[in-house]
Amino acid sequence: MGKIYVIDTNVLIQSPGALECFEDNELVLPLVVLEELDGLKKAEGEKGYNARKVIRYLENLRRQDDLIAGAALPHGGRLRVEPNCIHEELPEGLPEDKGDNRILKVCFHLRDQKPILVTKDLVLRLKAQLLGIEAQDFSSQQVLTGEQQYRGRQECYVPEPFFDRFGEQGIPVSQYQCDAAGQVLPVTVYQNEFILLRADASLRKTQLGRVWGDRVVPLAYAKDTPYGVKPRNAGQYFMQEALMKPADEVPLVIIKGQAGTAKTFYSLAVGLEKLLDHPSGEYRRILICRPNAQFDTDIGFLPGDEQEKISPLMRPIMDNLEQLLDKDDTARYDDELELESVLAEVFDRNLIQMEALNFIRGRSLEKIYLIIDEAQNMTPNQVKGIITRAGKGTKVILLGDPQQIDKPFLDERTNGLSYASEKMKGSPLCCQVTMLESECERSRLALEAIGRL
């Protein structure tokens, strides 16, 4: 047997399949973890669902083997439940009745076997270090950080002859591409990656394209203005191309970027174009979900029906709809009642629906234009659940900023948006684009703040 891993509750709540990710090693579940799972099994939303899933998994193991002595795991290794080791003493100042400290007691009891504590809780990892116990984050669902993440776009320099023929023939990806100084550099591209092309002999010449097959081809929707919205920068041209593509060609779009880069605004504009301005019959309605870090606990205490409960969380969506449905910037808010009636009509006609993310599970969505805003606050399992709900003709759009995460135990490397981006990289069914800081179009102040704060 290899290493010994002590598993914290938060690992199982975020990733209920985590127990199968440790290969041929021994896993230890402190008894307090079972107690915490029992306390969470009736919770609403993702926490309760995942707790119940883990409990069922443990029950199946118990039926086959002895969890106290150690049960064999399906994919190798063994798992056992360890009592709370109340005889072990912790340093003064660590209350013995606290769940985290009871986990530390188990680790301290096993110290001769050099256990590794696996937890999403940074404070618990710091406590473990004080006791000389090795502690790690759960890394099976982690991706790269920051600039290392897949951006869905890049800038390339190409020889002038190829550049001039780009509009007619595209450019074979097998052709060498070079930097501004004329050096030949290897360039790795992925299917559906967006390319900003520059001519090596004249840096002012640019073209926008997308990798398809063995060529970089021109954008098909560059001249479109969905719902009257015209792209203002390269990122918005790329975003428009991804969103305008029919669902049978590109059923998944992932757009990352900071606030003010028009991610939500543009997604809604394309949806309204398809349903209102030039009805294409592609989609039955727009469905909008917006996960929230407090959603599981707070929604039940808000008054009203489901729509009234989630309306505070959906206010940013309504702000964008107001701008799109009334394009007159100067007089838009002169008559608030008229604006509200226009919004109400769209919802009354069932063209747009807003729904709690929790209620998407179990559904099969067909011919739906599905927008998931603030997707960085989703776990990898939630993102998988959403994408696998997509039926025939449905387009799933994930929007968010991996650097603006509000949900506990998620970060830039473990959130669902970044996870989906990395795993779907190169898929012919997925288009991605990361908006640049310089592409903020909200206001001069917003752009200034992004650069300074």
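To be clear, the structure that these remarks concern was listed above.
Residues numbered from 1 in each chain as written. Predicted model: local features only at pLDDT ≥ 70, side-chain atom pairs only at ≥ 80, totals over all residues. Heavy atoms only, no water.

**Points about the packing of aromatic side chains**
Inspection of the entire model under this criterion finds five aromatic pairs. Members of the aromatic cluster, connected to one another through ring pairs, are Y5, F22 and F138. Across the ring face of F108, the terminal group of R111 is positioned such that the distance to the ring centre comes to 4.2 Å. (Phe/Tyr/Trp six-rings, centres within 6.5 Å; stacked < 30°, edge-to-face > 60°. Lys NZ or Arg CZ within 6 Å of the ring centre and 35° of its normal.)

**Some remarks on a positive patch on the surface**
On the surface, a cluster of positive charge is made up of R52, K53, R56 and K384. Broken down by element, the residue count for the positive patch peaks at three residues, all from helix α3 (residues 45-64). In this structure, R52 sits in helix α3. (Patch = residues over 30% accessible without salt bridge, like charges linked within 9 Å, V, L, I, M, F, W, Y side chains within 5 Å. Areas by Shrake-Rupley, 256 points an atom, 1.4 Å probe, with all protein chains shown as cover. Salt bridge = Lys/Arg side-chain N within 4 Å of Asp/Glu carboxyl O. Lys, Arg positive; Asp, Glu negative; His and termini not counted. Charge placed at Lys NZ, Arg CZ, Asp CG, Glu CD. Helix = DSSP H or I, 4+ residues; strand = E, 2+ residues; numbered from the N terminus.)

**Quick notes on the sheet that holds strand β19 (residues 430-434)**
The parallel open sheet is built from six strands, whose spatial order is β16-β15-β17-β18-β14-β19. Strands with a single pairing partner mark the edges of an open sheet, and in this sheet they are β16 (352-354) and β19. Recorded for the sheet is a direction-independent mean angle of 15 degrees between the axes of neighbouring strands. In this sheet, β16 lies alongside strand β15 (residues 285-289) in parallel orientation, the contact comprising three bridges. In the strand pairing of β16, I286 is matched with I352. (Pairing = 2+ DSSP bridges. Axes fitted to C-alpha atoms, helices over the stretch in contact; angles between N-to-C directions.)

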